[in-house]
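Topology and contacts: notes
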Amino acid sequence: MDAKASVHQADLKPTRRPRLVKLLPSNIGGPLIGLALLVLVFSFSSEYFFSLRNGLNILDQVTVLGILAIGMTAVIVIGGIDLSVGSVLAFSMMMLGWLYQDQAVPLGLAIPIAIATGMLAGLVSGALITYAKLPPFIATLTMMSVARGLANILTEGRQIVGYPEWFTNLATVRHFGFLSATVGLLLILLAVAWVFLRFRAGGRNLYAIGGSPEVARLSGIKVRAITLWVYAISGALAGIAAVTMAARLDSSQPSAGLTLELDAIAAVVIGGASLSGGVGSVGGTLVGVLIIGVLRNGLNLLGVSPFIQQVVIGVVIALAVTIDTLRRRSSTAR
């Protein structure tokens, strides 16, 4: 064999990806670069941004959004959408306060009931989709309205203030000097979701359903049952986010969670998921959550109006969806 043939065969050998790269989704590179650029820009724009204290503040601020976005990732991976998570959060939050303050239920018992309330709301949404055959957009839009109404009915629109110190300490006390219990909970949930979606057969089933529900059904996957439980888990995570927010605010408010469902969808899409289903990752979602958190934090430090911040977030979402559309078109054309 001559030297030219040897070189040619060497070129044909597949390049081995580093082990760390293998653990990362292929579509996470763009969002990571975007996050790095944001950090760089705000570091030069504000002297207060690039500091340990501000970094910890960002983590505290994105905890609730991060928990919601985990459930939204699973929903979008199967090709669905959940517009109700913000309202379900408010309903679960008010259930927590109503049980504790008005019904004298011990907080240790009220917390799991509040989480179960969110899960029940998710089950109802899932049932409307799987059994009543409503489109996910309509089913979750219905639940969004119902849950927000119930959140106001429970206490006639008044907020509930005053939780025990041990409860609020979950969001305020930093263990080891940097980690609050609520941020620790988010990290645990992210790790569990990442392992499930990447390494478990159940996680692969979600991608199969998102790719083609009919093909997945013919392959023996229980599409209806899995879809039902994906929405139930999304609702349960909204309940967990409600408890986290109540600890952070030391109150329960029926207006809590407004537009959080849009932020959760944005985080998942910015992180590289496809609204058509079958594509998405927990790692990408985490990057998307951090992008939104860094954007909000940096713009606040620069004194930018909240209304302008909404415009900026909207532009970022539009860019993310556009990139997703172009990526899918290019992959189809190949």
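The rules behind these values
- Residues numbered from 1 in each chain as written.
- Predicted model: local features only at pLDDT ≥ 70, side-chain atom pairs only at ≥ 80, totals over all residues.
- Heavy atoms only, no water.
- UniProt positions renumbered as here; feature names shortened; annotations may be inferred.
- Helix = DSSP H or I, 4+ residues; strand = E, 2+ residues; numbered from the N terminus.
- Buried < 20%, exposed > 50% of the residue type's maximum accessible area, 1.4 Å probe, protein only.
- Contact = heavy atoms within 4.5 Å.
- Areas by Shrake-Rupley, 256 points an atom, 1.4 Å probe, with all protein chains shown as cover.
- Axes fitted to C-alpha atoms, helices over the stretch in contact; angles between N-to-C directions.
- Parallel < 35°, antiparallel > 145°, perpendicular 65-115°, else oblique.
- Left-handed = near helix turned anticlockwise from the far one by under 90°.
- Nonpolar A, V, L, I, M, F, W, Y, C, P; charged D, E, K, R; others polar.

Under an unreviewed UniProt entry, the name given to the protein is Monosaccharide ABC transporter membrane protein, CUT2 family, and the organism recorded is Pseudomonas mucidolens. The annotation that UniProt attaches to the protein under Sequence similarities (unreviewed entry) is "Belongs to the binding-protein-dependent transport system permease family. AraH/RbsC subfamily." According to the UniProt record, the Subcellular location (unreviewed entry) comment for the protein is "Cell inner membrane".

1. With respect to the overall build of the protein
In terms of helices and strands, the protein carries 15 helices and four strands. Taking all 334 residues of the protein together, 45% fall into the buried category. When contacts within the protein are restricted to residue pairs at least 6 apart in sequence, long-range pairs at least 24 apart make up 78% of them. Total accessible area computed for the protein in this model is approximately 17,000 Å², and 68% of it derives from carbon and sulfur atoms.

2. Notes on the packing of helix α13 (residues 260–270) against helix α14 (residues 282–301)
Packing of α13 against α14 brings their axes to within 7 Å, and their N-to-C directions diverge by 120°. Judged on the interaxial angle alone, α14 and α13 are oblique. Like other packed secondary-structure pairs, α13 and α14 cross with a definite hand, here right-handed. Residues Asp 263, Ala 266, Ala 267, Val 268 and Ile 270 of α13 lie in contact with α14, whose contacting residues are Gly 284, Thr 285, Gly 288, Val 289, Ile 291, Ile 292 and Arg 296. Split by residue class, the contact of α13 with α14 holds seven nonpolar, three polar and two charged.

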